[in-house]
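Close look at the chain arrangement
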Amino acid sequence: MPAVSFQNVSKSYRTARGELQALKGVSFDIEPGEFFGLLGPNGAGKTTLISILAGLARASSGAVRVHGHDVRQDYAAARRHLGVVPQELVFDPFFSVRETLRIQSGYFGIRHNDAWIDELLDGLGLADKAGANMRQLSGGMKRRVLVAQALVHKPPVIVLDEPTAGVDVELRQTLWQFVSQLNRQGSTVLLTTHYLEEAEALCGRIAMLKQGQVVALATTSDLLRGASSNVLRFKTDDALPPDLAAQARVTGRVVQLPAQNALDVERILARVREAGATAEDIEIRKADLEDVFLEVMTGAAASTAAVASPLPTEELKA
Ligand SMILES: Nc1ncnc2c1ncn2[C@@H]1O[C@H](COP(=O)(O)OP(=O)(O)O)[C@@H](O)[C@H]1O
Ligand SMILES: [Mg+2]
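Residues numbered from 1 in each chain as written. Chains lettered and ligands numbered in written order. Predicted model: local features only at pLDDT ≥ 70, side-chain atom pairs only at ≥ 80, totals over all residues.

The next point concerns helix α10 (residues 262-274). One full turn of an α-helix is made of 3.6 residues, so residues set three or four places apart face in the same direction. Across its 13 residues, α10 extends 18 Å between first and last C-alpha, which sits within 8% of the 18 Å expected from 1.5 Å per residue. Looking one or two residues beyond α10, the residue adopting positive phi is Gly276, at roughly 80°. (Helix = DSSP H or I, 4+ residues; strand = E, 2+ residues; numbered from the N terminus. Expected span 1.5 Å × (residues − 1).)

Written out as structure tokens, the structure is:
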């Protein structure tokens, strides 16, 4: 049985400017023990999907199950299997960190939870803040408490919605160490993030959402293989020939172009020279998840089955 199952989930919001289709028939399963990434640009529908999973919003149609429990018909059981770290920081400012975690335990009917609460505080670098009031904490510390709060009932499925947006490097490392350890011990993790290098390092499988639809779903390694394998990077102050400019990722003086092989590299550099431009600091690197993401989002990878197909890889191979 999947840990999480989304079946043909659609969601429309009524807005001042009419209906907004935030999700358009999203289907995929997450197996127990997976570290799964849900990626997509702002407004793609990631938080909407997570809100439906957490029972905070209702799907317009479709079904969502957590360990077989429907999030609507069987809400309490589904919720018990989930630990959700929301994108927005929401707290009661008058309680201390430990009180906040005790109250959250109470919601799940758990008494005498202090041994686990202490483990959470230790693992998340919060031990010395247990007695501090929530309002005295920095944003990063509040984020840690949110994570601890999501985990008080030892849920088998952990959902993190942009947990590292705007937090410092130290917290990111503490958080990933802790969450990776829980994943190694068997927890299922569903993560959304804007940091593609984090997703590449952590997630075994990734779904990409674009305007409410799944446009890629594959293992991280299949996604990386499906992209242009190499990227040619150089600096220039000169204008590129128009055909190259159309494919290039340009950041200030830095130009990055997909290049499959040495012949591509030679061809590109020759075209640059013929156009009277000078390329400096030339480098070739392996394509990373950011390159794949951009290819998928701009539609450049539409012909690559592993990248563009919404089917799981098993089905592609069958
Ligand atoms: N409560 C709401 N009412 C109306 N529109 C919403 C609401 N929540 C989200 N949306 C819209 O739905 C789309 C998806 O938003 P969201 O799920 O937050 O995307 P993401 O988390 O991927 O950035 C966006 O266009 C957003 O403006
Ligand atoms: Mg969001």
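With that settled, the discussion passes to the site of ligand 1. Inspection of the region around ligand 1 gives Tyr13, Thr15, Leu20, Ala22, Gly40, Asn42, Gly43, Ala44, Gly45, Lys46, Thr47 and Thr48 as its neighbouring residues. Of all the secondary structure elements, the ones that give two or more residues to the shell around ligand 1 are β1 (4-15), β2 (18-30) and α1 (46-53). Element by element, the count of residues in the shell around ligand 1 is highest for α1, at three residues. Per-class residue counts for the shell around ligand 1 are four nonpolar, seven polar and one charged. (Near = placed C-beta within 6 Å. Nonpolar A, V, L, I, M, F, W, Y, C, P; charged D, E, K, R; others polar.)

Moving on, we come to the sheet that holds strand β12 (residues 249-251). Strand order in the open sheet formed by four strands is β12-β13-β11-β14, with antiparallel pairing between adjacent strands. Bordering the open sheet on either side are β12 and β14 (280-286), each of which pairs with just one other strand. Averaged over neighbouring strand pairs, the angle between their axes works out to 20° when direction is ignored. By the bridge criterion, five bridges tie strand β11 (residues 230-235) to β14 in an arrangement that is antiparallel. Bridging across to β14, Lys235 finds its partner in Glu280. Sitting on the sheet, α10 touches β11, β13 (254-259) and β14, and the angle it makes with β13 is about 140°. (Pairing = 2+ DSSP bridges. Axes fitted to C-alpha atoms, helices over the stretch in contact; angles between N-to-C directions. Contact = placed C-beta atoms within 7 Å.)

It is the contact of helix α3 (residues 97-107) with helix α5 (residues 139-151), at a shortest axis distance of 9 Å, that shows an interaxial angle of 25°. By the angle class used here, α3 and α5 are roughly parallel. Taken as a pair, α3 and α5 cross one another with a handedness that is right-handed. On α5, the residues that touch Val97, Thr100, Leu101 and Gln104 of α3 are Val145, Ala148 and Gln149. Tallied by class, the residues present in the contact of α3 with α5 amount to four nonpolar, three polar and no charged. (Parallel < 35°, antiparallel > 145°, perpendicular 65-115°, else oblique. Left-handed = near helix turned anticlockwise from the far one by under 90°.)

Before going further, it helps to spend a moment on the domain arrangement of the chain. For interface size, the figure often reported is the accessible area lost on association. For the chain, the domain assignment lists domain 1 (4-81 + 155-223) and domain 2 (228-286). Put simply, the middle of domain 1 and the middle of domain 2, counted by C-alpha atoms, are 36 Å apart. (Domains from an automatic or database assignment.)

Membership of the largest hydrophobic core comes to 70 residues, with the highest contact counts inside it found for Leu53, Ala148, Val159, Leu190, Ala207 and Met208. For Leu53, the contacting residues outside a window of four places in its chain are Val4, Val64, Val71 and Val159. By size, the runner-up hydrophobic cluster in this structure holds eight residues, among which are Phe234, Val255, Leu257 and Ala259. (Core = buried A, V, L, I, M, F, W, Y, C linked by C-beta atoms within 7 Å. Buried ≥ 20, exposed ≤ 12 C-beta atoms within 10 Å, placed from the backbone.)

Our next topic: the sheet that holds strand β8 (residues 188-192). Across the sheet, which stays open at both edges, the six strands sit in the order β6-β7-β8-β3-β9-β10 with mixed pairing between neighbours. Only two strands of the sheet have a single neighbouring strand rather than two, namely β6 (82-85) and β10 (213-219). Within the sheet, the average angular offset between the axes of one strand and its neighbour, ignoring direction, is 15°.

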